[in-house]
Amino acid sequence: MKKFIFILFLILSINPLLALDEDIIFSPDETIEREKDLIEGEHEIILELPKEEKVNPYSKQALKGIIEKDYDLGSSAGLFKEQLRAEFKKGPIESTQFHAHFINTFMETMNDDNKNFNSDMPLINVGFAGDFRGKKERYNVLFDLTPEVFDDLTHSFLLDALIETRRIKNHVISFGSSRPQLGYEGGNSAKTLPFLTRSQSARNFSNVRKTGLKIDGNQKWVDYEIGGFSSDVRYHEFFPGVEGNLWLDFKPLANLDDKYGKLYLGGGVAHGYRNSKDFTVASSAIRYDLNKFWMRAEYQNADGSNGGSGITEKRGYGYNLTLAYRLTKKLEFLLRFDDFDSDKTKAHNNTREYVAGINWYILGQGARIILNYVFCENEAKKDSQRIILGTQFIL
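Note that the structure is a prediction, hence the values are computed from the model and not measured. (Residues numbered from 1 in each chain as written. Predicted model: local features only at pLDDT ≥ 70, side-chain atom pairs only at ≥ 80, totals over all residues. Heavy atoms only, no water.)

*Asks:* Pulling in residues and values, what's your account of unusual backbone geometry?
*Replies:* Of note in the backbone geometry, aspartate 257 takes a positive phi value of approximately 55° without being a glycine. Mapped onto the secondary structure, aspartate 257 falls in the loop between β9 (242-250) and β10 (262-274). Looking at aspartate 257, the relative accessible area reads 71%, which means it is exposed. Positive phi, close to 55°, is recorded for histidine 348, a residue that is not glycine. (Helix = DSSP H or I, 4+ residues; strand = E, 2+ residues; numbered from the N terminus. Buried < 20%, exposed > 50% of the residue type's maximum accessible area, 1.4 Å probe, protein only.)

Here you go:
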């Protein structure tokens, strides 16, 4: 009888501990101490928290989540990131993910003499990215499959081919072919560009991939990139020279928890030589984001350049200002003024673009419809206008 009463008393004394309030969360140390308190003689009661079930990426729930997800417009992640990912239990590669990026355009060009309509698919990129075993190193390979590439596969087919390591805190060190951060818009991925085309200075002075070593750092008050590269562009020559790049982004509002928005004051320089030609491009930029409003301004000055327009010793400059307002999470309105002079030694040589745009983010950057109107004012030739309708898909 006494044994029965003792067991009953023990059960009643333990029960309140098993009926824990759902809002109470113990630290790991507190949980260990509580489990020790539940040990009586040879009997031990262990509190088990429910395990989080991994959702099947091909289930209706996962596919429905793609439609209902609240997307970050600054992210270039694909819509089917989980569905196109494979993991391996053995071997040096732990995971790999297929990714693809497509842009299709319909453009009407008008000037005083005629009109011209054409449709095009200016961007078809596919590739693989993933982790090596241990997830300390990653790899990325990207191919260009736009129709023009097949006329010159040797120089245009391979875009990115790099390996990066994250063993140093807040740093990414990468080696291979990648896009250097020369200017803000010229160094960014095409996946998150606000318009269908880059600014004029970005198109001419940067927007190329080069092979070399670069270090990206992310600190509270400053982000930075330091790189050393071969001055070759798209595998035309074997090491025709060297190029050094430096880019800094200061964050003066970093300590205010975004109360007054995010402000970046950026600047950088690229200097090098290719064969017998020297080049130097200096850039400065301002980025500001506050709630639904954002703006970008950039100035670039070139004493020779080795960018999208090729190697040149011409001295040019360009500056642009972009203003944008997000009416909703999916609808954005933009305006841009863009002035560019490809050769400062020539008078009346400027080209100015006045651009108005609308972005409809159906599923973030992964499924976007873009409408751009461009009025091009040319000092050296006739003015023109373009209306461009584009679609973007990132898988």
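*Asks:* Any details on the environment of asparagine 245? Residues and values, ideally.
*Replies:* Take asparagine 245: it is sitting in strand β9. Residue class for asparagine 245 comes out buried when judged on its relative accessible area of 6%. The residues touching asparagine 245, leaving out its near neighbours within four places in the chain, are Pro180, Leu182, Glu225, Ile226, Gly227, Phe229, Val269 and Ala270. (Contact = heavy atoms within 4.5 Å.)

*Asks:* Pulling in residues and values, what's your account of the pattern of salt bridges?
*Replies:* Going through the model one piece at a time under the given rule, you end up with 20 salt bridges. Glutamate 164 serves as the salt-bridge partner of arginine 166, at 2.9 Å between the closest nitrogen and oxygen. Take glutamate 164: its relative accessible area is 15%, and that puts it in the buried class. Here aspartate 249 makes a salt bridge to arginine 287, at a shortest N to O gap of 2.8 Å. Linking aspartate 249 in strand β9 with arginine 287 in strand β11 (residues 277-290), this pair joins segments that are 38 residues apart in sequence. The exposure class assigned to aspartate 249 is buried, which follows from its relative accessible area of 8%. What makes arginine 287 buried here is its relative accessible area of 15%. One connected set of salt bridges, linked through shared partners, spans Asp131, Arg138, Glu164 and Arg166. (Salt bridge = Lys/Arg side-chain N within 4 Å of Asp/Glu carboxyl O.)

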